[in-house]
Amino acid sequence: MKIGFIGLGHMGGPMARNLLKRGHTLKVFDMVPDAVKKLTDLGAEHATSAGKCAEGVDAVISMLPSSPHVRSVYTGGVLDSATAGTLLIDSSTIDPHTARDVAFDAKAKGFHMIDAPVSGGTGGAEAGTLTFMVGGELADFEKAKSILECMGKNIVHCGGAGNGQVAKICNNMMLAIEMIATAEGMSLAAKLGMDAKVFASIANTSSGRCWSSDTYNPYPGVLENAPASRGYTGGFGVDLMLKDLTLVTEAAKAAKHPVMLGAAAQQLYQMHSGNGNGGLDFSSIIKLYKKD
Ligand code: NAD
């Protein structure tokens, strides 16, 4: 297929490379020339604007920082330039409201649009093992599947427009809460005199077990391969988690739905980021409890 790819950053760059590797023809656009060059060196065609990137292609994929970028790229370019019927796939993490608005505008102009945010981070983007959470019509999901499979392993239809974003931000809210709970329990057990590894082994075979305790433990030295054991480098950044928590608490506010723990998590990550930890892995939230 001929695919237009807009947004070639940490995630979009490797995702676009995987599409090229699987034999698709790419037209690419980003405002950063270096990001574009990495793809044109591999054979992609350079488009000079988002609108031009959407001209004459079978599908458009975007991987942009946030909601305003997505709105402006689609309503100020792609929707005016693409041929009606083109499949539009936005993989950025944005608020469900904006995703639904843009999909509505796209549909009104005769396009098929899905939101397809991802989990799996830059490692998953490089390896082509991302999970795609897809919102939109089932027929559009089916059409997009063969493209998404070039970049991911787990492609899930979550329901109508915006539901991919709903799945993404609600899952990450649960993860943040669970990570803070694990950090609190781990640091308290150690403070009260327990060996952290022994306590983790008990929690992991008891009712305290969760992904944050058994796969991504925030206490240094408990899991050799976790970011906690390499100074919280790599992994999923505090500022990315803060972004998702802010999206989810705003969505909850608009829906008048209580998220007491989600809101507390958002505030704790905001404070942690404000303390200069925005670039660390999100499990570093344990630093709020454990100072040494
Ligand atoms: P990034 O900042 O590295 O990349 C975004 C790219 O979009 C940049 O290259 C930027 O120049 C480009 N861009 C911005 N405005 C543009 C415009 N108007 N037209 C064309 N290009 C434009 O961000 P990222 O880490 O690649 O994340 C992209 C999205 O994926 C975000 O929504 C993020 O929340 C989500 N996400 C990131 C990760 C991760 O681990 N980095 C994991 C899951 C989801």
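Residues numbered from 1 in each chain as written. Predicted model: local features only at pLDDT ≥ 70, side-chain atom pairs only at ≥ 80, totals over all residues. Heavy atoms only, no water.

Next up on the list: the environment of serine 273. Structurally, serine 273 is set in helix α12 (residues 260-277). Here serine 273 falls in the buried class, since its relative accessible area comes to 18%. Beyond its immediate sequence surroundings of up to four residues, serine 273 is in contact with Val238, Asp239, Leu242 and Gly278. (Helix = DSSP H or I, 4+ residues; strand = E, 2+ residues; numbered from the N terminus. Buried < 20%, exposed > 50% of the residue type's maximum accessible area, 1.4 Å probe, protein only. Contact = heavy atoms within 4.5 Å.)

At a minimum axis distance of 9 Å, the contact between helix α8 (residues 163-191) and α12 shows a crossing angle of 70°. The pairing of α8 with α12 is recorded here as roughly perpendicular in orientation. In contact with Met173, Ala176, Ile177, Met179 and Ile180 of α8, α12 contributes Leu261, Gly262, Ala265, Leu268 and Tyr269. In terms of residue class, the contact of α8 with α12 is built from nine nonpolar, one polar and no charged. (Axes fitted to C-alpha atoms, helices over the stretch in contact; angles between N-to-C directions. Parallel < 35°, antiparallel > 145°, perpendicular 65-115°, else oblique. Nonpolar A, V, L, I, M, F, W, Y, C, P; charged D, E, K, R; others polar.)

Let us now look at the packing of aromatic side chains. By the definition in use, this model includes three aromatic pairs. Measuring from ring centre to ring centre gives 5.9 Å for phenylalanine 236 and phenylalanine 282, while their planes differ by 70°; the resulting arrangement is edge-to-face. Of this pair, phenylalanine 236 sits in the loop between α10 (211-214) and α11 (238-254) while phenylalanine 282 sits in the segment after α12; the two residues are 46 residues apart in sequence, bridging distant segments of the chain. Since its relative accessible area comes to 1%, phenylalanine 282 is described here as buried. One aromatic cluster is present, formed by Trp211, Tyr216, Phe236 and Phe282 through successive ring pairs. Lysine 290 extends its terminal NZ or CZ atom over the ring of tyrosine 219, reaching a point 5.2 Å from the ring centre. (Phe/Tyr/Trp six-rings, centres within 6.5 Å; stacked < 30°, edge-to-face > 60°. Lys NZ or Arg CZ within 6 Å of the ring centre and 35° of its normal.)

Time to look at the nonpolar core. In globular proteins that are soluble, nonpolar side chains generally tend to be buried together. With 33 residues, the main nonpolar core has Phe5, Phe132, Leu148 and Met151 as its most contacted residues. If you list the elements that add at least two residues to this core, you get β1 (2-6), α1 (12-21), β2 (25-29), α2 (33-40), β4 (59-62), β5 (87-90), β8 (130-135) and α7 (138-148). Each residue touching phenylalanine 132, except ones within four places of it in the same chain, is listed here: Met15, Ser91, Ala116, Pro117, Val118, Leu148, Met151, Gly152, Asn154, Ile155 and Val156. One finds Tyr219, Val248, Ala265 and Phe282 within the second-largest nonpolar core, a separate group that totals 28 residues. (Core = buried A, V, L, I, M, F, W, Y, C linked by side-chain atoms within 4.5 Å.)

Per the domain assignment, the segments making up the chain are domain 1 (2-161) and domain 2 (166-288). Using C-alpha coordinates to define each centre, domain 1 is positioned 29 Å away from domain 2. Contacts between the two partners involve 12 residues from domain 1, matched on the other side by eight residues from domain 2. Per-residue buried area on domain 1 facing domain 2 is highest for Thr93, Pro96 and Met133; these three make up 53% of the total on that side. Inspection of the domain 1/domain 2 interface yields zero salt bridges. Secondary-structure elements contributing two or more residues to the side of domain 1 that touches domain 2 are α5 (96-108) and β7 (118-119). Class assignment of the residues belonging to the side of domain 1 that touches domain 2 gives a composition of seven nonpolar, three polar and two charged. (Domains from an automatic or database assignment. Buried area = accessible area lost by both parts, 1.4 Å probe. Salt bridge = Lys/Arg side-chain N within 4 Å of Asp/Glu carboxyl O.)

This part covers the packing of α8 against α11. Between α8 and α11, whose axes approach to 9 Å, the crossing angle comes to 115°. Compared by their axis directions, α8 and α11 come out roughly perpendicular. Classified by chirality, the crossing of α11 by α8 is left-handed. Where α8 approaches α11, its residues Lys168, Ile169, Cys170, Asn172, Met173, Leu175 and Ala176 are matched on the opposing element by Met241, Asp244, Leu245, Leu247, Val248 and Ala251. Class assignment for the residues of the contact of α8 with α11 results in 10 nonpolar, one polar and two charged. (Left-handed = near helix turned anticlockwise from the far one by under 90°.)

To continue, consider the site of the ligand. Close to the ligand lie 23 residues, the nearest being His10, Met11, Asp30, Leu64 and Lys243. Note that an oxygen atom of the ligand is positioned 3.5 Å from one of the backbone N or O atoms of glycine 9. Within the backbone of proline 65, a nitrogen or oxygen atom sits 3.2 Å from an oxygen atom of the ligand. Mapped onto the shell around the ligand, the elements with two or more residues apiece are α4 (67-81), α6 (121-127) and α11. For the shell around the ligand, the residue count by class is 12 nonpolar, eight polar and three charged. Both domain 1 (2-161) and domain 2 (166-288) contribute no fewer than three residues apiece to the shell around the ligand. (Near = heavy atom within 4 Å. Polar contact = N/O pair within 3.5 Å; in protein donor to acceptor, adjacent residues only side chain to side chain.)

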